[in-house]
Every structure is written in structure tokens, then in C-alpha cells.
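What the coordinates show
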Amino acid sequence: MEAFIDTHRLRDTLTQLCIQSPEVLETIDLEIKGWCNDEKELAEKVSEASACIANAKGGVVLVGVGNSQSCRNRFSRCPHPNVTPSWLTARINDHTMLPVLNHAV
């Protein structure tokens, strides 16, 4: 199943993240998570957020957005070498019952 991503909303959210903190932008269908201390913690946090979103009406979980005051430092590459979109998808499926339909990009 192909995931639908509203690219205009995503672009607007990323722009807003340059001037507002992630907490301000979160909604019932948008969760924003930073990088965790390790892969296990990241899998748990992203899976929990995905399950919450799925139990509402669906939505988006953005991963890798920090709380830095600077837009330049708010977005960063993943510090965990094994984390890829397919790794995230698999961990969400592993940590949720029934597995949450998800698509990582």
C-alpha cells in the first residue's frame, strides 16, 4: 500500500520548525521526535508515537528534529548507523500490536 504524504503540509511544517519549537507544532496527527540516546530508545519512542497517531486518525511522525534554537542545528543526520527507513518500519511493526501500517522515508 502506498502511503499518502501531503507534501505541501510537510514543507510548511519544516518551514515552521525553523522559527517555532517542535512542541508548538505538534497536533493530534503530527508527532515530532528527536534522536534518542540509542537505537532501542528510538525504536520505543517512534513506535509509541506511531501507535498513538494510528489510534487517532492517522498522521505523521517526524524523526530527528531537535530543540536547538538555531534552525541550522534543529535538523541533523541520524547518529545511529543502523537506522534506515526500512529499519524504522520494521521496528514499528515489531513494537506495535497489531502492527501499525507505516511508511518511512
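Calculation notes
- Sequence order sets the numbering: in each chain, residues are counted from 1 along the sequence as written.
- Given that the model is predicted, a residue must reach a pLDDT of at least 70 before its local features are reported, and side-chain atom pairs must reach 80 or more before they are shown or counted; all residues, however, enter totals for whole chains, interfaces and linings.
- Excluding hydrogens and water, the side-chain values take into account all heavy atoms of the structure.
- We define a salt bridge as a contact between a side-chain nitrogen of Lys or Arg and a carboxyl oxygen of Asp or Glu at a distance within 4 Å.
- Helix and strand labels come from DSSP, where a helix needs a run of H or I of at least four residues and a strand needs a run of E of at least two; each type is numbered from the N terminus.
- Think of it in three bands: with a 1.4 Å probe and only protein chains considered, a residue is buried below 20% of the maximum accessible area for its type, exposed above 50%, and partly exposed in between.

**So, the pattern of salt bridges**
Here the idea is simple: oppositely charged side chains can pair when their charged atoms come close. This model, assessed by the stated rule, comprises 4 salt bridges. Across the pair Asp29 and Arg9 runs a salt bridge whose closest N-O atoms are separated by 3.0 Å. Linking Asp29 in the loop between α2 (22-25) and β1 (30-33) with Arg9 in helix α1 (residues 7-16), this pair joins segments that are 20 residues apart in sequence. Residue classification places Asp29 among the buried residues on the basis of a relative accessible area of 16%. Taking the shortest distance from any N to any O, the salt bridge between Glu44 and Lys40 comes out at 3.7 Å. Of this pair, Glu44 and Lys40 both sit in helix α3 (residues 39-55), 4 residues apart, roughly one helical turn. According to the relative accessible area criterion, Lys40 is exposed, its value standing at 60%.

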